[in-house]
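Descriptive structure summary
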Amino acid sequence: MPSDHVSDHRPAPLRASRRFRLAGALALAGALAVTTVSAASARAGEPDGGRADRLAAGAAAAVPLDGWDLILPVDASGGTSGNHAAILRPAALHSPYLTREADGSLNFWAPSVGATTTSSLHPRTELVGRDSWTVGKKKRTLGASVRVGQVPGSTHDVIVGQIHGAGDDSSVPLVMLHYDGGVIRVTVKEASDRSTVYKLVTGVPLDTAFSYTLSDNGNGTLTFTARVGTGSTVRKTVPVPSAYSGTQVEFAAGDYEQAVEALPYGDGGRVVFNRLTIG
(Lines give C-alpha, C1' and ligand atoms only; values in the text may rest on other atoms or scores of the structure.)
Protein backbone atom coordinates (compact mmCIF):
# COMPACT_ATOMS: atom_id res chain seq x y z
CA MET A 1 0.00 0.00 0.00
CA PRO A 2 1.44 3.41 -0.86
CA SER A 3 2.47 5.25 2.27
CA ASP A 4 0.98 8.71 2.76
CA HIS A 5 2.48 9.08 6.25
CA VAL A 6 -1.02 9.57 7.72
CA SER A 7 -2.05 7.47 10.69
CA ASP A 8 -5.30 7.05 12.56
CA HIS A 9 -3.45 5.93 15.68
CA ARG A 10 -2.82 8.01 18.77
CA PRO A 11 0.58 9.70 18.36
CA ALA A 12 3.38 9.40 20.87
CA PRO A 13 4.14 12.81 22.46
CA LEU A 14 7.05 14.68 20.90
CA ARG A 15 9.59 16.35 23.16
CA ALA A 16 9.74 20.07 22.41
CA SER A 17 12.58 22.34 23.39
CA ARG A 18 11.98 24.93 26.13
CA ARG A 19 12.65 27.65 23.57
CA PHE A 20 10.06 26.28 21.13
CA ARG A 21 7.43 25.74 23.85
CA LEU A 22 7.80 29.35 25.05
CA ALA A 23 7.50 30.65 21.50
CA GLY A 24 4.31 28.65 20.97
CA ALA A 25 2.78 29.89 24.22
CA LEU A 26 3.51 33.52 23.37
CA ALA A 27 2.10 33.09 19.87
CA LEU A 28 -1.15 31.63 21.16
CA ALA A 29 -1.75 34.35 23.78
CA GLY A 30 -4.69 36.57 22.90
CA ALA A 31 -6.19 34.19 20.33
CA LEU A 32 -9.95 34.32 19.96
CA ALA A 33 -12.28 31.35 20.51
CA VAL A 34 -9.70 28.60 20.85
CA THR A 35 -11.04 25.08 21.25
CA THR A 36 -9.39 21.69 20.88
CA VAL A 37 -9.69 19.26 18.03
CA SER A 38 -10.65 15.72 18.98
CA ALA A 39 -10.28 14.15 15.52
CA ALA A 40 -8.54 14.68 12.22
CA SER A 41 -11.00 17.36 11.21
CA ALA A 42 -8.40 19.56 10.04
CA ARG A 43 -10.94 18.63 8.36
CA ALA A 44 -24.25 15.33 -13.21
CA GLY A 45 -20.99 15.35 -15.24
CA GLU A 46 -17.37 16.37 -14.87
CA PRO A 47 -16.97 20.13 -14.26
CA ASP A 48 -15.77 21.98 -17.34
CA GLY A 49 -12.03 22.55 -17.46
CA GLY A 50 -12.46 26.31 -17.75
CA ARG A 51 -14.26 26.56 -14.39
CA ALA A 52 -11.62 24.51 -12.59
CA ASP A 53 -8.79 26.45 -14.25
CA ARG A 54 -10.31 29.78 -13.21
CA LEU A 55 -10.51 28.64 -9.60
CA ALA A 56 -6.84 27.65 -9.70
CA ALA A 57 -5.58 30.84 -11.36
CA GLY A 58 -3.28 33.29 -9.59
CA ALA A 59 -4.67 35.97 -7.31
CA ALA A 60 -4.22 39.73 -7.45
CA ALA A 61 -5.97 40.50 -4.13
CA ALA A 62 -5.62 39.42 -0.51
CA VAL A 63 -6.57 35.80 0.11
CA PRO A 64 -9.66 35.87 2.37
CA LEU A 65 -10.15 33.73 5.48
CA ASP A 66 -13.95 33.87 5.37
CA GLY A 67 -15.56 30.45 5.68
CA TRP A 68 -12.57 28.73 7.30
CA ASP A 69 -11.39 27.55 10.71
CA LEU A 70 -7.68 27.23 11.46
CA ILE A 71 -5.89 24.24 13.04
CA LEU A 72 -2.64 25.21 14.81
CA PRO A 73 0.45 23.12 15.65
CA VAL A 74 0.13 24.02 19.33
CA ASP A 75 -2.40 23.18 22.02
CA ALA A 76 -4.65 25.69 23.79
CA SER A 77 -1.89 26.64 26.24
CA GLY A 78 0.80 26.98 23.57
CA GLY A 79 2.29 23.53 24.17
CA THR A 80 4.06 21.82 21.29
CA SER A 81 3.47 18.17 22.21
CA GLY A 82 0.53 15.84 22.67
CA ASN A 83 -2.50 15.32 20.44
CA HIS A 84 -4.85 18.16 21.36
CA ALA A 85 -4.09 20.70 18.64
CA ALA A 86 -5.97 23.97 18.99
CA ILE A 87 -8.35 25.45 16.47
CA LEU A 88 -9.35 29.07 15.89
CA ARG A 89 -13.03 29.53 15.05
CA PRO A 90 -13.20 31.42 12.75
CA ALA A 91 -9.75 31.42 11.18
CA ALA A 92 -7.52 34.44 11.79
CA LEU A 93 -3.90 35.38 11.19
CA HIS A 94 -1.77 33.92 13.96
CA SER A 95 1.97 34.60 13.92
CA PRO A 96 4.25 32.75 13.40
CA TYR A 97 2.03 30.00 12.02
CA LEU A 98 -0.22 31.99 9.68
CA THR A 99 0.85 35.42 8.45
CA ARG A 100 0.07 37.62 5.46
CA GLU A 101 2.59 38.71 2.84
CA ALA A 102 2.71 42.26 1.50
CA ASP A 103 0.92 41.12 -1.68
CA GLY A 104 -1.97 39.62 0.30
CA SER A 105 -0.79 36.01 0.12
CA LEU A 106 -1.10 33.70 3.13
CA ASN A 107 2.14 32.27 4.56
CA PHE A 108 1.72 28.98 6.48
CA TRP A 109 4.40 27.60 8.81
CA ALA A 110 4.12 24.15 10.43
CA PRO A 111 7.11 22.89 12.46
CA SER A 112 7.92 19.19 12.61
CA VAL A 113 7.76 19.47 16.42
CA GLY A 114 4.24 20.40 17.48
CA ALA A 115 0.86 19.37 18.79
CA THR A 116 -1.23 17.07 16.57
CA THR A 117 -4.85 16.02 16.30
CA THR A 118 -5.87 12.70 17.88
CA SER A 119 -5.90 10.86 14.55
CA SER A 120 -2.62 12.10 13.10
CA LEU A 121 1.11 11.89 13.77
CA HIS A 122 1.89 15.23 12.15
CA PRO A 123 1.54 18.88 13.25
CA ARG A 124 -0.22 21.19 10.83
CA THR A 125 -1.22 24.77 10.17
CA GLU A 126 -4.30 24.13 8.09
CA LEU A 127 -7.52 25.85 7.14
CA VAL A 128 -10.64 23.69 7.41
CA GLY A 129 -13.85 24.57 5.58
CA ARG A 130 -16.86 25.41 7.72
CA ASP A 131 -19.33 23.77 5.31
CA SER A 132 -19.60 20.03 4.68
CA TRP A 133 -21.48 17.93 2.14
CA THR A 134 -22.09 14.28 1.21
CA VAL A 135 -19.32 13.16 -1.13
CA GLY A 136 -20.45 12.42 -4.67
CA LYS A 137 -23.76 14.25 -4.25
CA LYS A 138 -22.86 17.92 -4.79
CA LYS A 139 -20.58 19.86 -7.15
CA ARG A 140 -17.80 21.48 -5.15
CA THR A 141 -14.32 22.66 -6.18
CA LEU A 142 -11.35 23.80 -4.12
CA GLY A 143 -8.90 25.89 -6.18
CA ALA A 144 -5.53 27.23 -5.10
CA SER A 145 -2.32 28.79 -6.33
CA VAL A 146 0.57 27.68 -4.13
CA ARG A 147 4.31 27.94 -3.62
CA VAL A 148 6.10 25.49 -1.30
CA GLY A 149 9.15 27.15 0.21
CA GLN A 150 10.29 24.53 2.73
CA VAL A 151 9.69 20.84 3.35
CA PRO A 152 10.50 18.67 6.38
CA GLY A 153 13.97 17.16 6.16
CA SER A 154 12.91 13.58 6.90
CA THR A 155 10.36 13.23 4.07
CA HIS A 156 10.26 16.37 1.85
CA ASP A 157 6.48 15.90 1.90
CA VAL A 158 3.72 18.45 2.64
CA ILE A 159 -0.04 18.06 2.07
CA VAL A 160 -1.42 21.35 0.70
CA GLY A 161 -5.05 20.41 -0.04
CA GLN A 162 -7.61 17.83 1.06
CA ILE A 163 -11.13 16.54 0.75
CA HIS A 164 -11.42 15.25 4.29
CA GLY A 165 -14.05 13.53 6.36
CA ALA A 166 -16.24 15.80 8.50
CA GLY A 167 -18.25 15.28 11.67
CA ASP A 168 -18.56 11.59 12.55
CA ASP A 169 -16.35 10.81 9.52
CA SER A 170 -13.54 13.16 10.56
CA SER A 171 -10.89 10.42 10.73
CA VAL A 172 -11.17 9.77 6.96
CA PRO A 173 -8.46 11.50 4.85
CA LEU A 174 -10.33 10.79 1.61
CA VAL A 175 -8.26 12.88 -0.84
CA MET A 176 -4.86 14.43 -0.11
CA LEU A 177 -2.83 16.53 -2.53
CA HIS A 178 0.89 16.32 -1.73
CA TYR A 179 3.96 18.26 -2.74
CA ASP A 180 6.43 15.42 -2.23
CA GLY A 181 10.05 16.06 -3.18
CA GLY A 182 9.07 17.97 -6.31
CA VAL A 183 6.19 15.64 -7.24
CA ILE A 184 2.60 16.86 -7.10
CA ARG A 185 0.52 13.77 -6.37
CA VAL A 186 -2.91 12.90 -5.06
CA THR A 187 -3.58 10.06 -2.63
CA VAL A 188 -7.12 8.67 -2.56
CA LYS A 189 -8.13 6.47 0.35
CA GLU A 190 -9.94 3.50 -1.22
CA ALA A 191 -10.55 1.57 2.01
CA SER A 192 -9.28 1.51 5.58
CA ASP A 193 -6.22 -0.48 4.51
CA ARG A 194 -5.69 0.69 0.94
CA SER A 195 -4.90 3.91 -0.94
CA THR A 196 -4.20 4.79 -4.57
CA VAL A 197 -1.62 7.38 -5.63
CA TYR A 198 -1.99 9.51 -8.79
CA LYS A 199 1.09 11.46 -9.89
CA LEU A 200 0.07 14.68 -11.65
CA VAL A 201 3.33 16.62 -12.16
CA THR A 202 6.98 15.84 -11.48
CA GLY A 203 10.16 17.92 -11.26
CA VAL A 204 8.71 20.94 -9.47
CA PRO A 205 11.45 22.78 -7.54
CA LEU A 206 10.88 24.50 -4.20
CA ASP A 207 9.60 28.09 -4.48
CA THR A 208 7.91 27.33 -7.81
CA ALA A 209 4.32 28.49 -8.20
CA PHE A 210 1.76 25.85 -9.14
CA SER A 211 -2.02 25.66 -9.09
CA TYR A 212 -4.39 22.84 -8.28
CA THR A 213 -8.06 21.98 -8.01
CA LEU A 214 -9.84 19.23 -6.08
CA SER A 215 -13.38 18.72 -7.37
CA ASP A 216 -16.37 16.65 -6.32
CA ASN A 217 -18.34 16.46 -9.56
CA GLY A 218 -21.61 15.61 -7.81
CA ASN A 219 -22.10 12.48 -9.91
CA GLY A 220 -20.00 9.91 -8.06
CA THR A 221 -16.66 11.04 -9.49
CA LEU A 222 -13.77 13.22 -8.31
CA THR A 223 -11.44 15.31 -10.49
CA PHE A 224 -7.96 16.60 -9.61
CA THR A 225 -5.90 19.07 -11.65
CA ALA A 226 -2.44 20.59 -11.39
CA ARG A 227 -0.57 23.14 -13.47
CA VAL A 228 2.92 24.58 -13.04
CA GLY A 229 3.30 28.21 -14.11
CA THR A 230 1.83 28.74 -17.56
CA GLY A 231 2.19 25.07 -18.51
CA SER A 232 -0.63 22.76 -19.53
CA THR A 233 -3.15 21.49 -16.98
CA VAL A 234 -2.92 17.83 -15.98
CA ARG A 235 -6.32 16.37 -15.09
CA LYS A 236 -7.37 13.05 -13.53
CA THR A 237 -10.94 11.84 -12.87
CA VAL A 238 -11.67 8.84 -10.64
CA PRO A 239 -14.77 7.31 -9.01
CA VAL A 240 -15.65 8.09 -5.42
CA PRO A 241 -14.37 5.05 -3.46
CA SER A 242 -17.34 2.79 -2.76
CA ALA A 243 -16.18 2.26 0.82
CA TYR A 244 -16.80 5.94 1.52
CA SER A 245 -20.03 6.52 -0.39
CA GLY A 246 -22.26 8.71 1.76
CA THR A 247 -19.37 10.12 3.81
CA GLN A 248 -19.65 13.72 5.00
CA VAL A 249 -16.64 15.69 3.79
CA GLU A 250 -15.14 19.17 3.87
CA PHE A 251 -12.21 20.94 2.22
CA ALA A 252 -8.91 21.64 3.95
CA ALA A 253 -5.92 23.61 2.67
CA GLY A 254 -2.63 24.81 4.10
CA ASP A 255 0.54 23.26 5.47
CA TYR A 256 0.13 19.71 6.75
CA GLU A 257 3.77 18.69 6.96
CA GLN A 258 4.50 14.95 6.88
CA ALA A 259 7.73 14.60 8.88
CA VAL A 260 8.39 11.16 10.34
CA GLU A 261 11.21 12.41 12.55
CA ALA A 262 11.34 15.50 14.75
CA LEU A 263 14.51 17.21 13.54
CA PRO A 264 16.14 20.24 15.23
CA TYR A 265 14.41 23.60 15.68
CA GLY A 266 13.57 25.15 12.32
CA ASP A 267 12.54 21.95 10.55
CA GLY A 268 9.06 21.78 9.06
CA GLY A 269 6.95 22.94 6.12
CA ARG A 270 6.34 26.42 4.76
CA VAL A 271 3.69 27.06 2.11
CA VAL A 272 2.45 30.31 0.56
CA PHE A 273 -1.04 30.55 -0.97
CA ASN A 274 -1.73 33.48 -3.28
CA ARG A 275 -5.20 32.17 -4.13
CA LEU A 276 -7.65 29.96 -2.29
CA THR A 277 -11.21 29.59 -3.54
CA ILE A 278 -14.19 27.31 -2.95
CA GLY A 279 -16.77 27.12 -5.71
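Please read all numbers here as calculations on a predicted model, not as lab measurements. All residue numbers here refer to positions counted from 1 along the written sequence of the relevant chain. Restriction of local features to residues with pLDDT of at least 70 applies here, the model being predicted, together with a cutoff of 80 or more for giving and counting side-chain atom pairs; totals for whole chains, interfaces and linings are based on all residues. Each side-chain value is worked out from all heavy atoms of the structure, with water and hydrogens disregarded.

What about unusual backbone geometry?
Between arginine 89 and the following residue, proline 90, the backbone shows a cis peptide bond with an omega angle of 0°. Put simply, DSSP marks the helices as runs of H or I at least four residues long and the strands as runs of E at least two long, and each gets a number from the N terminus on. For proline 90, the location among the structural elements is in the loop between strand E3 (86-88) and strand E4 (98-100). Look at histidine 156: it is not a glycine, yet its phi comes out positive at around 65°. Despite not being glycine, aspartate 207 has its phi angle at roughly 65°, a positive value. By the secondary structure assignment, aspartate 207 is in the loop between strand E12 (194-201) and strand E13 (209-217).

With respect to the nonpolar core
For this analysis, a nonpolar core means a set of buried residues of the types Ala, Val, Leu, Ile, Met, Phe, Trp, Tyr and Cys, connected via side-chain atoms within 4.5 Å. The buried label applies to any residue whose accessible area, calculated with a 1.4 Å probe on protein chains only, is under 20% of its type's maximum; exposed applies above 50%, and partly exposed to all values in between. Core analysis: the largest hydrophobic core is formed by 51 residues, its most contacted members being Val160, Tyr212, Phe224 and Phe273. The leading source of residues in this core is strand E8 (residues 139-150), at four residues. By size, the runner-up hydrophobic cluster in this structure holds five residues, among which are Ile71, Ala85, Ala115 and Val128.

Examining the side chain of threonine 116
Looking at the secondary structure, you find threonine 116 in the loop between strand E5 (106-111) and strand E6 (125-129). Residue threonine 116 is classed as buried on the basis of its relative accessible area, which comes to 4%. Side-chain polar atoms of threonine 116 contact the backbone oxygen of serine 120, separated by 3.3 Å. Polar contacts, as counted here, are pairs of nitrogen or oxygen atoms within 3.5 Å of one another; within protein the pair requires one atom able to donate a hydrogen and one able to accept it, and residues that are adjacent in sequence qualify only if both atoms are side-chain atoms.

Here we look at the pairing of E5
By the criterion of burial, E5 is predominantly enclosed, with six of the six residues buried. Residue alternation in E5 divides its side chains into two sets, Leu106, Phe108 and Ala110 and Asn107, Trp109 and Pro111, and both sets are buried. As paired strands, E4 and E5 are joined by three bridges and run antiparallel to one another. Counterpart to arginine 100 in the pairing with E5 is leucine 106. Two strands pair under a simple rule: DSSP has to find at least two bridges between them. What sits between E4 and E5 in their antiparallel hairpin is a turn of five residues, with glycine 104 showing a positive phi close to 95°. Direction of pairing for E5 relative to strand E17 (residues 268-278): antiparallel, over a ladder of six bridges. Its bridge partner being in E17, asparagine 107 is matched across the sheet by valine 272.

Looking at the packing of aromatic side chains
Aromatic ring pairs are described here by two measures, namely the spacing of the ring centres and the angle between the planes. Classification of ring pairs rests on two measures: the distance between centres of Phe, Tyr or Trp rings, Trp counted by its six-membered ring, which must be within 6.5 Å, and the angle between planes, read as stacked under 30 degrees, edge-to-face over 60 and tilted in between. Applying the stated criterion to the full structure yields four aromatic pairs. Judged by centre distance (6.2 Å) and plane angle (15°), the rings of tyrosine 179 and phenylalanine 210 are stacked. With tyrosine 179 in strand E10 (residues 175-180) and phenylalanine 210 in strand E13, this residue pair connects regions lying 31 residues apart in the sequence. Phenylalanine 210 matches tyrosine 179 in its accessibility class, with the two residues each being buried. Against the face of tyrosine 256 rests arginine 124, its NZ or CZ located 3.8 Å from the ring centre. For a ring to carry a charge above it, either NZ of a lysine or CZ of an arginine must fall within 6 Å of the ring centroid while also lying within 35 degrees of the normal to the ring plane. Across from the ring centre of tryptophan 133, 4.9 Å away, lies the NZ or CZ of arginine 140, which sits over that ring.

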